[in-house]
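The chain contents come next:
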Amino acid sequence: MAEQPGSALNPVPFPDLFRLDGRVALVTGGAGLLGRRYCEALLQAGARVVIGDVDGAGAEALAAELDTERALGLKLDVTNEASVNGATQRAVQRFKRLDILVNNAALTVRGGSERLSPADYFAPFESYKRDVWQRAVDVNLTGMLLCAQAAGRQMLLQDPPGGVMVNISSTYGVVAPDQRVYDGVRSPYADATFNTPVSYAVTKTAVLGLTRYLATYWGKNNIRVNALTPHGVYDNHDDAFVRNFVYRSPLGRMARNDEYRGALLFLVSDASSYMTGANLIVDGGWTAW
Ligand SMILES: NC(=O)c1ccc[n+]([C@@H]2O[C@H](COP(=O)([O-])OP(=O)(O)OC[C@H]3O[C@@H](n4cnc5c(N)ncnc54)[C@H](O)[C@@H]3O)[C@@H](O)[C@H]2O)c1
């Protein structure tokens, strides 16, 4: 039988398999809680990193804090085509290529340029406003599509062609939210209850479909596309919420905000070179029962 291409006699030694020296990454929503951790990890693995966020000042400050040479912070609105194309161009101007796209930006009440009203975002399904739903579709799904288009065009053009994309989903894109974890929970918002809204769960489900589509579409072009599915990160939540969550969680705790770095590095590096169209679930066992 003919030897398959790539069946190297001298495979890349571990742990170099996870190194990203010479590679360039763009992280959308990079100034947020988890985005920041991804940027740190990518830099530690040797990549040059463009931190794009609608909070441009936050992105610039983070780049200055992390690495003035290898990190570039810029304002990026993933819902705006001109902004997406401009950010991609600036990444290539500064670092000459683009190898990695981390599609991480999402509409949350925490981030974003315009404050999203918790009362609107967490509204009951029966009265959920169409414009809030649309904003979530725009950021969580259409924004991912626009970033994948711009990054994909660059990845196809460059020498050698190819790259890796990671689309960030959520366990609530895999299973429906267990609404019971919100029972008896004191909301951190004066005028809103706390829950997982339909706009979030459904757009995160669609992210998995987009991932599979792009993986099969670009498979022959050496562009791998996978999803990473994180679960709830502890962020000063109400005690009753943590109690309910922990009871429901096989590992018996919420995640720390640094616990998705390893999975991200796996997906963007050669460690996952035969993986595309997959969804890596890192959820403390939440979806196992
Ligand atoms: N934190 C969790 O518990 C958790 C769990 C599962 C999945 N996730 C997913 O992880 C990702 C990061 O979440 P996070 O907790 O860091 O949220 P976050 O709110 O801290 O960060 C999101 C970032 O996206 C940015 N953003 C919003 N709209 C944007 C736009 N139009 N263009 C560019 N940037 C925009 C925000 O400014 C913010 O910095 C999201 O996709 C989220 O759905 C988070």
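A short tour of the structure in this document, coming up. (Residues numbered from 1 in each chain as written. Predicted model: local features only at pLDDT ≥ 70, side-chain atom pairs only at ≥ 80, totals over all residues. Heavy atoms only, no water.)

What to know about the overall build of the protein
What counts is decided by this rule: Each helix corresponds to a stretch of at least 4 residues labelled H or I by DSSP, and each strand to a stretch of at least 2 residues labelled E; elements are numbered beginning at the N terminus. Between the two quantities, the radius of gyration covers C-alpha atoms and the globule rule is 2.2 Å times the number of residues to the power 0.38. Burial here depends on accessible area, computed with a 1.4 Å probe over protein chains only, as a share of the maximum for the residue type. Under 20% is buried, over 50% is exposed, and the range in between is partly exposed. Positive charge is attributed to Lys and Arg, negative charge to Asp and Glu, and no charge count is given to His or to the chain ends. Positions of charges follow a simple convention, taking NZ of Lys, CZ of Arg, CG of Asp or CD of Glu.
Each helix and strand in the protein was counted, giving eight helices and seven strands. Taken over C-alpha atoms, the radius of gyration comes to 19 Å for the protein, in line with the 19 Å a tight globule of 289 residues would show. When the backbone C-alpha atoms are referred to their principal axes, the protein occupies close to 60 × 45 × 35 Å. A buried classification covers 49% of the 289 residues belonging to the protein. The positive charge centre, built from 28 side chains, and the negative charge centre, built from 29, are 2 Å apart in the protein.

A short note on the pairing of strand β2 (residues 48–53)
Here is the rule we go by: Any two strands between which DSSP finds at least two bridges are classified as paired. By convention, a crossover is right-handed whenever its connection, traced from the first strand over the helix to the second and viewed with the strands pointing away, goes clockwise.
Burial of β2 is extensive: five of the six residues sit out of reach of the surface. Across five bridges, strand β1 (residues 24–28) lies against β2 in parallel orientation. Of the residues in β2, the one forming a bridge with T28 is G52. This β-α-β element, β1 to helix α1 (residues 33–44) to β2, shows right-handed connectivity. Note that β2 and strand β3 (residues 71–75) share five bridges and pair parallel. Directly across from V49, in β3, lies its bridge partner A71.

Some details on the sheet that holds β3
Heads up, the condition is: As a rule, the C-alpha atoms of each element are fitted with a line to give its axis, helices using only the stretch in contact, and angles between N-to-C directions run from 0 to 180 degrees. The contact definition used throughout considers only heavy atoms, calling two residues in contact when any of these lie within 4.5 Å.
The strand order across the open sheet formed by seven strands is β3-β2-β1-β4-β5-β6-β7, and the pairing between neighbours is parallel. Lying at the two open borders of the sheet, with one neighbouring strand each, are β3 and β7 (279–282). Averaged over neighbouring strand pairs, the angle between their axes works out to 15 degrees when direction is ignored. Running over the sheet, helix α5 (residues 130–157) touches β1, β4 (100–103), β5 (163–168) and β6 (223–230) and is turned about 180 degrees from β4. Against the sheet, helix α8 (residues 261–268) contacts β4, β5, β6 and β7, and its axis sits at roughly 170 degrees relative to β6.

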